[in-house]
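# Chains, contacts and geometry: an overview
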Amino acid sequence: RGVTLRHLGRPHAVSARVVLVGCGLHGYGLEEDGLPGVIVARHSRVGVGTIVERSPSWYRAGTIFMACGRSGYVGVVRLEDGRLDVAAALDPAFVRDRGGSGRAVSHLLHQVGWPSLDGLERLSWQGTPPLTRRRARLAAEKLFLIGDAAGYVEPFTGEGIAWALASGMAVVPFALQAARRWQPPLATQWTTRYHRLIGKRQRMCRIVTGALRQVRVTQVAVRLLARVPILASPIVRLLNAPMKAAPVS
């Protein structure tokens, strides 16, 4: 199979028996390989993130802080070197109305009454395309999509890397079989296997992120779970359960 890759802005033609595509949310040029385009969910949020050098000690180490509002949510965690890692999923219109990612994040932190992080509007923010997206098919002739390129939902449960690693491990037998002898049913089989492996986790993530958009529902749920934490056990068990894929038939 011939593949054109870009390195340092220049195209390079290479050949391979099988290609695994793990190019993240963008999915560059996959339509040229016969795969349907990306289907972006309506009202999908965008991801932004930055590192804060100096911050209040209130954001203690060993705790993930999540600030949720009507227009998105922000996660804050202290790194081993003392800096803060700040990441958020925000409505694009909210970012525009607030005048940028830094001001939008500051507004959410203020809404929940947490200490402000000075200078957020002056920091360099990394952004993503719309987060929640999928593809109708995840494979073409001698080509398999894995990781974020195969589909993604808002990352509130923090499972994005786990999904990527699980799909990378699960695709191995398909890739080996395709390298030995390509058979068209492998494309459909991989799409089915991927959705069985990761689909349940992504559905749960959609339910959680959907509930977070309802402020009153979120407030009631947080108060209830604070009083009766055991009610969260089914979700916690699902998030911690290992993802296993059966061998290719």
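Residues numbered from 1 in each chain as written. Predicted model: local features only at pLDDT ≥ 70, side-chain atom pairs only at ≥ 80, totals over all residues. Heavy atoms only, no water.

### Some remarks on a nonpolar patch on the surface
Defined as follows: Patches in this entry comprise residues that are over 30% relatively accessible and not in a salt bridge; like charges within 9 Å are linked, as are nonpolar side chains (Val, Leu, Ile, Met, Phe, Trp, Tyr) within 5 Å. Surface accessibility in these figures is a Shrake-Rupley result with a 1.4 Å probe; residues are shielded only by whichever protein chains are displayed. Here a salt bridge means any side-chain nitrogen of Lys or Arg lying within 4 Å of a carboxyl oxygen belonging to Asp or Glu. For helices the rule is a DSSP run of H or I covering at least 4 residues; for strands it is a run of E covering at least 2, with both sets numbered from the N terminus onward.
On the surface, Leu-224, Val-228, Ile-230 and Leu-231 cluster together into a nonpolar patch covering about 360 Å² of accessible area. Position of Leu-231 relative to the elements: it lies in the loop between α6 (215–227) and α7 (233–240).

### Some thoughts on the pairing of strand β5 (residues 46–52)
Rule in force here: Three labels apply to residues, based on accessible area from a 1.4 Å probe with only protein chains included: buried if under 20% of the type maximum, exposed if over 50%, partly exposed otherwise in between. Should DSSP find at least two bridges between two strands, the strands are taken to pair.
Counting buried residues in β5 gives six out of seven residues, a clear majority hidden from the surface. As judged from the seven bridges shared by β5 and strand β8 (residues 84–90), these two strands associate in the antiparallel manner. Note on β8: the bridge partner recorded for Val-48 is Ala-88. Where β5 meets strand β9 (residues 126–130), three bridges bridge the pair, whose relative direction is antiparallel. Residue pairing across strands places Val-48 opposite Gly-127, the latter belonging to β9.

### Here's the deal with the sheet that holds strand β7 (residues 72–78)
Put simply, the rule reads: Axes here mean lines fitted to C-alpha atoms, for a helix over just the part in contact, with angles spanning 0 to 180 degrees between N-to-C directions.
With antiparallel pairing, five strands are arranged side by side in an open sheet as β6-β7-β8-β5-β9. Of all strands in the sheet, those bounded by a partner on one side alone are β6 (65–69) and β9. Each adjacent strand pair in this sheet contributes to an overall mean axis angle of 15 degrees, direction not counted. Pairing of β6 with β7 involves five bridges; the strand directions are antiparallel. Residue pairing in the sheet places Phe-65 in a bridge with Val-76 of β7.

### With respect to helix α2 (residues 101–111)
Defined as follows: Whether two residues are in contact is decided by their heavy atoms: any pair within 4.5 Å suffices.
All of the buried residues along α2 are Ser-101, Gly-102, Ala-104, Val-105, His-107, Leu-108 and Leu-109. Lining the buried residues of α2 we find β5, β6, β7, β8 and α1 (92–98). In the stretch just after α2, Gly-113 is the one whose phi turns positive, near 80 degrees.

### With respect to the packing of helix α3 (residues 160–170) against helix α4 (residues 172–180)
Rule in force here: Any residue that is not Ala, Val, Leu, Ile, Met, Phe, Trp, Tyr, Cys, Pro, Asp, Glu, Lys or Arg is counted as polar, Gly included; the first ten are nonpolar and the last four charged.
α4 packs onto α3 with a crossing angle of 35 degrees between their chain directions and a minimal axis gap of 4 Å. For the pair α3 and α4, contact is made by Gly-168, Met-169 and Ala-170 and by Val-172, Pro-173 and Phe-174, respectively. Across the contact of α3 with α4, the residue classes break down as five nonpolar, one polar and no charged.

Fair warning: the whole summary comes from geometry, so function is off the table for now.
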